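Chains, contacts and geometry: an overview
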Amino acid sequence: MNCAQFESIVHEIERPGTEGFALRESALEHAESCGRCARLMIEAESLDSGLRALMAAAAEQKAPPRVEAKLMAELRRQRGAVLQRRVRRQIVALSTAAVALLAAGLSLHYWKGKGGTANHPASPSVNNPAQANGAVAPASPNIIEIDDSESASSFQPLPYADDPSALEDGAVVRVEMPRAALASFGLPVAAMESDGTVRADLIVSADGTPQAIRLVSQNGTSSE
Amino acid sequence: MTQTTDLRDALLVRRIAVGDEDAFAVVYRQKHPAIYRFALHMTGNASVAEDVTQEVFMALIRDPRRFDPARGTLGGFLFGVARNHLRKRWEQDRRLVAMDGDPDDLHEGESANGHLGVSGSGTNGSGNGHHGVLAHAPGWDEFATAETVGRVRQAVSTLPENYREVVVLCELEEMSYEEAASALDCPVGTVRSRLHRARAMLVEKLREPRPLRRASAVGEGTVR
């Protein structure tokens, strides 16, 4: 090894995994015979010692606990925001699914209703909203059959119903809802009777807005 | 860093992404001291080191997907983020490393020997300088160590940034060339050559005699 080679590795002699470390023995041999390179080696070792002292002095240094507290608070805030976004997305997805389902149901019902009219033109059990309630008369009402075991009240227009004469299309949908939900249709619900469910027919306009409601009950039971 | 550690880190980061506080605490407590020390050595300012540490982990909380295990270790990623923050700060304020003029009474017990002003290696002179005497006096060991640490710290802090960061990573954080290259996003050969050059600069800086500040007031600039 010559002086130039020694100088190129002198700072790596004590660093495992390096070229200098691999050539350590021959570097030491060279330093024994070269005063200048021996001095370089001593200076490198002295520097190592100083850096180790600095490393030891700094070994216990770390950020104050308030930093961790702030970061934890941020993590919680972030998680809350993520959850909120996820819930919002779920609500939107569920609403979309519900609307799609309702639309599909109405379409099917409408399609079946048209077929039913054709197949049973003289069915006495046809319940035409126009017949049930003169105030509400969809242009193309659908058919809900009332069994012998059932009876129905007349259709009541809902508070926000459109003018029946302006309805171009619509459907009658049989639903079962919590009795308490009748209040949202503007129907009186006695406090004592707010439990349980009721069966009702809804006249729904083409845009899906309920227009009128009638209650359906099994014969022998009270629906309202 | 082992493959197992890498896998574990990747898993922990995935847990952090879903707001797992325990996972974050594990990562923070394990990794933050090195980040804090890196920022501290790079800036010489504890308050800035605290801010940088906070920003680094804030980035991990806000966008954990920025860490890609395929591109390197979590430690390397965090050092890279810290480095970016430091560079931004330096652009804002070039006066962060202004330690040259800091008063430090410890520096006044300066070694007068002809080698590097670094004690502890057993190679710093013939024992004729007062450093050798101080090192053997009861209570002076700490003084000598603190003086050594102060000198080395100052020498490191006055290195150009590119050189300072390889010294901090490879010498003070004991990273391999490969790890440092990953953190600094540069080739291994660059790390090696920068470290070699940085150490040569440190040797030069530590070879220079230290000015005695109080003595300079009466016209004696340096210890001879």
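Residues numbered from 1 in each chain as written. Chains lettered and ligands numbered in written order. Predicted model: local features only at pLDDT ≥ 70, side-chain atom pairs only at ≥ 80, totals over all residues.

Details of the overall build of chain B
For chain B, the helix and strand inventory stands at 10 helices and zero strands. What you see in chain B, going N to C, is helices and strands ordered as α-α-α-α-α-α-α-α-α-α. Burial analysis of chain B (224 residues in total) assigns 38% to the buried set. Sequence separation of 24 or more characterises 60% of the internal contacts of chain B that already satisfy a separation of 6 or more. (Helix = DSSP H or I, 4+ residues; strand = E, 2+ residues; numbered from the N terminus. Buried ≥ 20, exposed ≤ 12 C-beta atoms within 10 Å, placed from the backbone. Contact = placed C-beta atoms within 7 Å.)

Focus: the packing of helix α2 (residues 21–43) of chain B against helix α4 (residues 74–92) of chain B
What describes two packed helices is the angle between their axes and the distance between those same axes. Residues and elements named next belong to chain B. For the pair α2 and α4, interaxial distance at closest approach is 10 Å and the crossing angle is 30°. Read as a crossing pair, α2 and α4 show a hand that is right-handed. Contacts from K31, I35, F38, A39, M42 and T43 of α2 reach α4 at L74, G75, L78, F79, A82 and L86. Residue composition of the contact of α2 with α4, by class: nine nonpolar, two polar and one charged. (Axes fitted to C-alpha atoms, helices over the stretch in contact; angles between N-to-C directions. Left-handed = near helix turned anticlockwise from the far one by under 90°. Nonpolar A, V, L, I, M, F, W, Y, C, P; charged D, E, K, R; others polar.)

A word on the interface of chain A and chain B
The interface of chain A with chain B comprises 29 residues on the first partner and 37 residues on the second. Broken down by secondary-structure element, the contributors of at least two residues to the side of chain A that touches chain B are α4 (35–58) and α5 (65–119) of chain A. Per-element tally for the side of chain A that touches chain B: the top contributor is α4 of chain A, with 13 residues. For the side of chain A that touches chain B, the residue count by class is 15 nonpolar, seven polar and seven charged.

Here's the deal with the nonpolar core
Ranked by size, the top nonpolar core spans 65 residues in total, and within it I35, A39, A82, V167, C170 and A180 of chain B carry the most contacts. Per-element accounting of this core gives the leading share, 10 residues, to α2 of chain B. If sequence neighbours within four positions are ignored, A39 of chain B has contacts with V48, A49, V52, T53, A82 and L86 of chain B. Core analysis: the next-biggest nonpolar cluster, separate from the first, contains 13 residues, F155, A171, V198 and L202 of chain A among them. (Core = buried A, V, L, I, M, F, W, Y, C linked by C-beta atoms within 7 Å.)

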